[in-house]
Amino acid sequence: MSAWHAKWELFLPVFVVLLFASGLASMVEASAAAFAYAVVVECFVTKDISFRRQLAGILLKAASLMGAVLLLLSIAMG
């Protein structure tokens, strides 16, 4: 990965903090904007993920992993 690609990915935390700190977005809206930014950068700028072939499978795996983490957290809190 070249420095050009890393520049786009390293801007993500700055983007989220600027959105939230400026009052333009709440924390939930900033997280949705971060998701949209990450998908656009990975699919169209760096082209690490194919939009038509790989994105749906990656999102399904991420959703199942998130569900497992939330289940473990809810059990631990109980």
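Residues numbered from 1 in each chain as written. Predicted model: local features only at pLDDT ≥ 70, side-chain atom pairs only at ≥ 80, totals over all residues. Heavy atoms only, no water.

S.K.: Got a minute to help me understand the overall build of the chain in this structure?
M.R.: Counting its regular elements, the chain contains 3 helices and 0 strands. Ordered by position in the sequence, the α and β elements of the chain form the string α-α-α. Its C-alpha radius of gyration of 15 Å places the chain more than 25% over the 12 Å reference for a compact globule of 78 residues. Overall size of the chain, expressed as C-alpha extent along the three principal axes, is 45 × 35 × 20 Å. Here the chain, with 78 residues, has 17% of them falling under the buried criterion. Sequence-distant contacts in the chain: of pairs separated by 6 or more residues, those separated by 24 or more amount to 34%. When the accessible area of the chain is evaluated, it comes to approximately 6100 Å², of which 76% is carbon and sulfur surface. Placing the 5 positive and 4 negative side-chain charges of the chain at their respective mean positions leaves the two points 11 Å apart. (Helix = DSSP H or I, 4+ residues; strand = E, 2+ residues; numbered from the N terminus. Rg over C-alpha atoms; globule rule 2.2 N^0.38 Å. Buried < 20%, exposed > 50% of the residue type's maximum accessible area, 1.4 Å probe, protein only. Contact = heavy atoms within 4.5 Å. Areas by Shrake-Rupley, 256 points an atom, 1.4 Å probe, with all protein chains shown as cover. Lys, Arg positive; Asp, Glu negative; His and termini not counted. Charge placed at Lys NZ, Arg CZ, Asp CG, Glu CD.)

S.K.: In this structure, what is going on with the packing of aromatic side chains? I would like to understand it.
M.R.: The description of an aromatic ring pair rests on the distance of the ring centres and on the angle between the ring planes. Per the counting criterion, the structure on display carries 4 aromatic pairs. Judged by centre distance (6.3 Å) and plane angle (40°), the ring pair of Phe11 and Phe15 falls under tilted. One end of the pair is Phe11 and the other is Phe15, both in helix H1 (residues 3-22) and 4 residues apart, which spans about a single turn. Taken together, the ring pairs connect Phe11, Phe15 and Tyr37 into an aromatic cluster. (Phe/Tyr/Trp six-rings, centres within 6.5 Å; stacked < 30°, edge-to-face > 60°.)

S.K.: What is the right way to look at unusual backbone geometry in this model?
M.R.: A negative phi angle characterises most non-glycine residues, just as the trans form characterises most peptide bonds. A positive phi angle, near 55°, is found at Lys47, a position not held by glycine. The topology assignment puts Lys47 in the loop between helix H2 (27-45) and helix H3 (55-77). Overall, Lys47 belongs to the exposed group, its relative accessible area being 63%.

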